[in-house]
Amino acid sequence: QVQLVESGGGLVQSGGSLRLSCVASRIIYRMYGMGWYRQAPGQQRESVAVITSGGSTNYADSVKGRFTISRDNAKNTLYLEMNSLKPEDTAVYSCYADLQVSSWSDRRDYWGQGTQVTVSS
């Protein structure tokens with residue numbers, strides 16, 4: 001199987017920046033849609049940004065113009081560049097990937113464990 005491992009979270013002041021990474025633990029046969037979700041305490045999980053295999057992106061209105069999602073298929077890695085961070089961006093950020101581990105395996109979604117992002121005012 002495969003694991004998705006996030007990194008790059010931490011504590012930052014309001015207006016600061018962070019770059020999250022999400023790496024697959026092994027070589028992947030094919031990666032389809034990928035994205036980032038976040039969940040703040042007491043709130044429902046929400047989609048932050050998604051990217052298709054062709055590179056098309058979509059963002060939550062709350063992060064448009066501040067966050068940028070990208071992917072490096074050769075490195076099996078997903079990124080989220082976060083700028084102009086606000087206290088309301090504080091949450092656990094998790095990545096997901098719709099992928100096929102090998103040519104004979106089923107296509108399915110995989111999720112990372114999450115990384116904490118805390119923005120102080």
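Residues numbered from 1 in each chain as written. Predicted model: local features only at pLDDT ≥ 70, side-chain atom pairs only at ≥ 80, totals over all residues. Heavy atoms only, no water.

**Q** How do you make sense of the overall build of the chain when you look at a structure like this?
**A** Secondary structure summary: the chain contains zero helices and 11 strands in total. Along the chain, helices (α) and strands (β) appear in the sequence β-β-β-β-β-β-β-β-β-β-β when read from the amino end. The dimensions of the chain, computed from C-alpha atoms along their principal axes, are 50 × 25 × 25 Å. By the burial criterion, 43% of the 121 residues in the chain qualify as buried. Sequence separation of at least 24 residues holds for 56% of the intrachain contacts in the chain that already meet a minimum separation of 6. Summing over all exposed atoms, the chain offers an accessible surface of approximately 6,600 Å²; the carbon and sulfur share of this is 44%. Distance from the positive charge centre (12 side chains) to the negative charge centre (10 side chains) of the chain: 4 Å. (Helix = DSSP H or I, 4+ residues; strand = E, 2+ residues; numbered from the N terminus. Buried < 20%, exposed > 50% of the residue type's maximum accessible area, 1.4 Å probe, protein only. Contact = heavy atoms within 4.5 Å. Areas by Shrake-Rupley, 256 points an atom, 1.4 Å probe, with all protein chains shown as cover. Lys, Arg positive; Asp, Glu negative; His and termini not counted. Charge placed at Lys NZ, Arg CZ, Asp CG, Glu CD.)

**Q** Explain the nonpolar core to me, please; I cannot follow it from the model alone.
**A** Generally speaking, a soluble globular protein has its nonpolar side chains buried in company with each other. Membership of the largest hydrophobic core comes to 33 residues, with the highest contact counts inside it found for Trp-36, Leu-80, Met-82 and Tyr-93. At the level of secondary structure, the elements contributing two or more residues to this core comprise strand 3 (18-24), strand 4 (30-39), strand 5 (46-51), strand 7 (67-72), strand 8 (77-82), strand 9 (91-100) and strand 11 (115-120). Excluding its chain neighbours within four sequence positions, the residues that come into contact with Tyr-93 are Glu-6, Leu-20, Trp-36, Tyr-37, Arg-38, Val-48, Phe-67, Leu-80, Met-82, Gly-114, Thr-115 and Val-117. (Core = buried A, V, L, I, M, F, W, Y, C linked by side-chain atoms within 4.5 Å.)

**Q** Is there a simple way to think about the packing of aromatic side chains in this case?
**A** Any pair of aromatic rings gets described here by the distance separating the centres and the angle formed by the planes. The final tally for this structure, using the stated rule, is three aromatic pairs. Between Tyr-37 and Tyr-96, the ring centres sit 5.7 Å apart and the planes meet at 70°, which makes this aromatic pair edge-to-face. Residue Tyr-37 is located in strand 4, and its partner Tyr-96 is located in strand 9; the two are separated by 59 residues in the primary sequence. A relative accessible area of 22% means that Tyr-37 is categorised as partly exposed. Of the residues examined, Tyr-96 reaches a relative accessible area of 15% and is grouped as buried. With a centroid separation of 5.2 Å and an interplanar angle of 65°, the aromatic rings of Tyr-37 and Trp-111 are classed as edge-to-face. Residue Tyr-37 is located in strand 4, and its partner Trp-111 is located in strand 10 (residues 107-111); the two are separated by 74 residues in the primary sequence. An aromatic cluster of three or more residues is present, and its members are Tyr-37, Tyr-96 and Trp-111. Over the ring of Tyr-79 we find Arg-19, and its NZ or CZ is 4.1 Å from the ring centre. (Phe/Tyr/Trp six-rings, centres within 6.5 Å; stacked < 30°, edge-to-face > 60°. Lys NZ or Arg CZ within 6 Å of the ring centre and 35° of its normal.)

On their own, these measurements won't tell you what the molecule is for.
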